[in-house]
Structures are given as structure tokens and as C-alpha cells.
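Coordinates in review
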Amino acid sequence: MEKTLENIVQQTFYQPLPQDWLICDDRDLFAQLSEQLYLELTQFSYYRGTPLKILLAERDPVRFLAGFLAACAARCPVFLCNPDWGKQEWQQVFDLVNPDLIWGLGTRNWGQNNSKYSAGSPSGMPAARQGRTQSPTEGNPPAALSHRPRGVYKIQNSKILSPHLPTSSSPDSAFIMIPTGGSSGKMKFAIHTWETLMASVKGFTEHFSLNQVNSFCVLPLYHVSGLMQFMRSFTTGGRLVIQLFKDLESGQIKNQISTIEPSNFCISLVPTQLQRLLQNSELTEWLSQFQTVLLGGAPAWNELLEKARYYNIRLAPTYGMTETASQIATLKPDDFLNGKDSCTQVLPHASVKICNEQGEELNSNQIGNITIYSQSLALGYYPNTWDNQEYLRVDDLGFLDNQGYLHIVGRNSEKIITGGENVYPIEIESTIRATQMVADVCVIGIPDKLWGQAVTAIYIPKNSKTSDLEIRNLLKQKLSKFKIPKHWIPVQTLPRNSQGKINRQQLQQIATSFLQNSL
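Residues numbered from 1 in each chain as written. Predicted model: local features only at pLDDT ≥ 70, side-chain atom pairs only at ≥ 80, totals over all residues. Heavy atoms only, no water.

Observations regarding the overall build of the protein chain
Our working rule: A run of DSSP states H or I qualifies as a helix once it reaches four residues; a run of E qualifies as a strand once it reaches two. Both are numbered from the N-terminal end. Each residue's exposure class comes from its accessible area (1.4 Å probe, protein chains only) as a fraction of the maximum for that residue type: buried when under 20%, exposed when over 50%, partly exposed otherwise. Two residues form a contact once any of their heavy atoms are found within 4.5 Å. Only the protein chains shown count as covering a residue, and every accessible area follows the Shrake-Rupley method with a 1.4 Å probe.
Per the secondary structure count, the protein chain includes 15 helices and 26 strands. Buried residues in the protein chain amount to 55% of all 519 residues. In the protein chain, 63% of the contacts between residues at least 6 apart in sequence involve partners at least 24 apart. Of the roughly 23500 Å² of accessible surface on the protein chain, a fraction of 46% belongs to carbon and sulfur atoms.

The following block contains the structure:
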């Protein structure tokens with residue numbers, strides 16, 4: 001049976017869920033919270049006339065998932081948010097969304113100059129704001145609501161009108177907004193629906209020939225990589241383990257992870273997480289037992305992939321993005337262990353074309369812009385929908401080989417043109433990492449009067465005594481002269497977010513400041 005929202009409502013709210021489907025703290029609260037929030041949201045939306053716009057910034061995973069499911073079932077547009085965003089980022093979100101309800105910011109107040117917003121109660125689920133007349137100093141929610149234990153709202157003096165999903169003419173109804181682009185400084189939300197997320201789930205299960213998906217989640221649920229692990233497990237009747245990566249890494253959850261059989265589970269990691277787990281022999285052995293270790297979020301480097309293969313990690317490198325509801329191309333673990341690692345296989349729910357700048361389709365093995373066709377594509381960026389929702393032409397460059405495997409070369413916007421030659425940072429970064437003299441590295445182009453752009457490496461040396469001259473000498477044997485960075489900038493840390501993605505605006509600032517001070 002297809003897992004429509006109506007099916008999910010029946011399954012979750014009117015039938016008991018298996019006790020062990022969710023493995024995390026307070027898991028027994030999920031069904032009760034989901035049902036209660038769903039019924040109350042439908043009532044409040046009915047009296048209001050339109051569904052509530054909800055910011056979901058709950059840190060607790062059970063409350064986050066209960067709130068997410070309730071909002072989807074009640075056809076309320078829900079915006080997934082990172083509770084650790086800074087004040088400037090939150091102000092951008094408030095200005096963009098103009099929310100009616102905020103779940104999860106504790107007692108902190110954001111956007112105090114805007115009379116509509118309040119971050120809420122000490123219980124962790126904040127107060128609601130309706131209309132534009134209440135000021136931030138008014139600490140009480142609207143009259144229809146009162147706080148209940150654990151931050152659940154109760155609508156007073158009213159009856160349940162109908163167990164059925166409400167209909168609404170609201171253009172935002174049933175939309176799921178997933179954040180993207182925050183590392184660039186501008187907040188954006190990709191607009192998804194239950195149907196686009198389910199298209200991604202279907203493609204995943206068909207690709208891996210799975211009826212049930214068991215997931216071990218250490219990624220944030222507000223991010224598409226974490227959310228889709230819930231969607232895959234919940235809608236296929238699988239099990240879901242939710243743990244903080246720092247607790248896994250530190251060994252604080254040995255008792256919990258000992259209760260599952262990794263060979264029946266998928267785990268999703270970003271490259272920096274995989275790197276850290278492989279530094280621990282006990283966790284490396286544990287990781288090697290997993291059915292599939294999905295790897296995405298940022299490009300992986302050859303040294304890391306070789307190390308994973310050496311330890312027989314069933315790695316599945318993926319390619320996808322928030323706009324595609326996670327992966328649209330994934331290499332199967334057996335292919336990885338047999339030596340493939342620079343390519344991925346397009347999933348059944350998607351297709352890919354490689355086109356030139358004029359939009360003309362290229363032949364196999366020709367590098368061009370990647371164009372994605374998929375039922376899992378976002379509808380646009382909130383509040384605007386795209387005119388053409390049949391395909392998405394992305395910034396990534398790649399090619400399809402003769403077997404139909406997708407190879408990613410780099411991002412068009414990150415391509416460096418130096419002396420008329422095209423340089424792709426991924427190749428340079430991978431070669432620098434292979435010297436084993438750096439802990440991390442990013443390559444960018446900076447303006448140069450002679451070359452147009454100068455290839456610049458910003459890196460963390462493994463040894464403080466390592467000189468860039470030593471690294472350059474090793475690169476001469478592997479790279480053309482024009483690809484070897486002209487500027488080398490040692491740093492202690494690189495500006496990466498929790499998914500391992502680099503903030504290139506900050507890199508430009510670091511490079512500019514360093515080179516100005518060195519004059």
C-alpha cells in the first residue's frame with residue numbers, strides 16, 4: 001500500500017506502532033505527541049480558516065518527529081529549522097516566513113523588533129502567536145491555547161470536529177520547507193511535499209531492493225539527510241535509531257548500539273564523520289558490519305575511500321541535494337568494494353542528462369552541466385515556485401560514462417580559470433590530501449592581474465613544521481604546473497558546517513586578509 005498521508009494518519013494515530021520501531025530517549029512519547037498535536041492543529045486551523053505556518057526548531061528528536069508528522073498530517077506548512085542558527089539567521093527566517101507558530105527555541109527570544117514572534121516557554125515548545133497585535137512582552141498564548149506538560153498545546157472547550165484531514169485553499173498547505181544554502185549567508189528553504197519525499201523513498205528502496213529500511217541516524221533531522229532516514233524507516237515499517245554523533249564517537253552509547261544488528265541497518269555519514277570513525281579501531285570494526293554506509297553531503301577524497309575499502313566498509317557514495325530530497329545517484333556497496341569510487345548509479349526515480357551551456361545534450365564521457373529529472377524535485381524556493389518543475393539544472397559539472405554511471409567533476413561556480421586553463425578544486429584537493437601532509441584542505445581561486453585567477457590552497461598541516469614547499473614538490477609528480485596552487489595559506493581550522501560543507505565566502509575573506517598582511 002502506498003504510504004499517502006491518509007495512510008500514515010491511520011497507521012500512526014489509530015493503530016499501535018511497534019514498540020521497538022524507534023530507538024532513542026523518550027521514544028514512548030512519539031505516538032501520543034503526534035496524535036495530540038495533529039488533532040489540535042486541525043482544530044486551530046479550522047477556527048482560524050487557514051493552516052498555521054510552523055517553524056519547527058525542536059532539539060529533542062521525538063518532539064521534532066512528532067511535530068513534523070502532525071504538521072504534515074494536518075496540512076500545515078512546516079519549516080524545518082536548525083535550533084543553533086544565530087540571531088542574524090533567525091531574523092532572516094522570521095522576515096521570510098512570518099510564522100504563526102514556533103516549536104522548539106526554548107526561552108530565547110528572536111526578532112524582538114517584530115511584534116509577532118516569541119520563542120516560547122521553558123518547556124521547550126514555544127508559545128504561539130496569532131495576528132500582528134501582540135508584543136513580545138505579552139507572554140501568554142492566544143486564548144484558545146494553554147501549555148501542557150512537555151510543551152504540548154491543548155485547545156480548550158471544544159470538540160474534535162472530524163478525524164479527517166482538512167482541506168485548504170492556502171498555497172502553502174501541506175508544503176514541507178527544508179533549509180538549504182545557509183552556509184552562504186542567505187537562508188533559503190526548498191519547497192517539498194509528502195509526495196516528493198516519498199518519490200525519493202521509493203527510488204531508494206528499489207535501488208537497494210529493500211522492502212523495509214532500518215536506519216541508524218547520526219545526522220540532524222532538520223537537514224534533508226537526517227529527515228529522509230526517518231521517512232525511509234517510518235514509511236516502510238523499518239526501525240530507526242537516533243543518536244548524536246558526538247555520543248557515538250565518544251563511546252557513550254555502547255549499550256544502545258549493542259541492541260541492534262548492524263548488518264540489517266543503513267547508516268548515513270558525511271566524509272568528516274567517516275574520517276573520525278576510522279581513527280577508532282573499535283568503531284571501524286562496528287562500522288564494517290553495516291549493511292550499507294551511505295556517504296554524502298560533501299565530496300570524499302581518495303585517501304578516505306581507500307581506507308574505507310581497506311577495512312571492508314560497505315560504502316555507498318551518494319550524489320544528491322536538498323532540492324532532490326537527498327540522493328538521486330548512489331554507488332552500490334559491492335561496486336565500491338570491487339574498486340569503483342569515482343562514480344554513482346542513477347536511482348530508478350530519477351534520470352540525468354549532461355548538457356552544454358546552450359542546453360544541448362552531450363554524448364557519453366563529455367563533461368557538461370548536470371540536469372536532473374525526478375519526481376522528488378523541490379517545487380521551488382519559498383515563497384516562490386519554479387515555472388518549470390520537470391527538471392533541475394544544477395551548478396555541478398559531470399559526465400555519464402558508457403555504462404551510464406554518473407561522474408562528478410566539480411561545481412561550475414567553483415571552477416578556477418587560470419591563464420586560460422580550467423582547474424577543478426576537487427582534483428587538486430584530492431591530490432594534496434594524498435600527500436598525507438595535511439589534515440584538511442580547500443582550494444579556491446582568487447583574483448590575479450596576471451593569471452585572471454590564482455589557484456590558492458587553504459590547508460591545515462598535520463605537522464606544524466611542514467612547509468608548503470615540501471607539498472609542492474610532491475605535487476609536481478602528479479599535477480600539471482598550472483594546477484599547482486600559487487598561494488598556500490596554513491590555518492588551524494576550516495569553516496565547515498555540520499554536514500562538512502565549506503563556506504567559500506569565508507575562505508575568500510581568509511585568503512584576502514592573509515595575502516594583504518603578507519605584502
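Topic: the sheet that holds strand 26 (residues 487-490)
Quick reminder of the rule: Between any two strands, at least two bridges found by DSSP are needed for them to pair. The axes are straight lines fitted to the C-alpha atoms, using for helices just the contacting stretch, and the angles between their N-to-C directions are given from 0 to 180°.
Read from one edge to the other, the open sheet built from three strands follows the order 24-25-26, with strand pairing classed as mixed. Each edge of the open sheet carries a strand with a single partner, namely strand 24 (438-448) and strand 26. Adjacent strand axes in the sheet meet at a mean angle of 25°, parallel and antiparallel pairs treated alike. Here strand 25 (residues 452-461) runs beside strand 26; their pairing, made up of four bridges, is parallel. Bridging across to strand 26, Thr456 finds its partner in His487. Against the sheet, helix 13 (residues 425-434) touches strand 24, strand 25 and strand 26, its axis set at about 145° to strand 24.

A look at the sheet that holds strand 1 (residues 22-23)
Taken in spatial order, the eight strands line up as 1-10-9-11-12-13-14-15 in an open sheet, and their pairing is mixed. The two strands at the open ends of the sheet, each matched to only one other strand, are strand 1 and strand 15 (345-346). Bridge count between strand 14 (residues 326-330) and strand 15: two bridges; the pairing is antiparallel. In the sheet register, Thr330 faces strand 15, and the bridge partner there is Gln345.

Some remarks on helix 5 (residues 194-208)
Note the cut-off: The span you would expect from a helix comes to 1.5 Å times its residue count less one.
Helix length check: helix 5 (15 residues) gives 21 Å between terminal C-alpha atoms against 21 Å at 1.5 Å per residue, within 8%. A large share of helix 5 lies buried, amounting to 12 of its 15 residues. Residues of helix 5 that are buried: Trp194, Thr196, Leu197, Met198, Ala199, Ser200, Val201, Gly203, Phe204, Thr205, His207 and Phe208. Looking at the residues trailing helix 5, positive phi occurs at Ser209, about 55°.

Examining the pairing of strand 25
Applied cut-off: The crossover handedness rule: strands pointing away from the viewer, path from first strand over the helix to second strand clockwise, crossover right-handed.
Counting buried residues along strand 25, seven of its 10 residues qualify, which places the element largely inside the surrounding structure. Where strand 24 and strand 25 come together, 10 bridges link them in antiparallel fashion. Bridging from a neighbouring strand, Pro447 pairs with Gln453 of strand 25. In this structure, the hairpin formed by strand 24 and strand 25 is closed by a connection of three residues. For the crossover that starts at strand 25, traverses helix 14 (residues 468-475) and ends in the parallel strand 26, the hand is right-handed.

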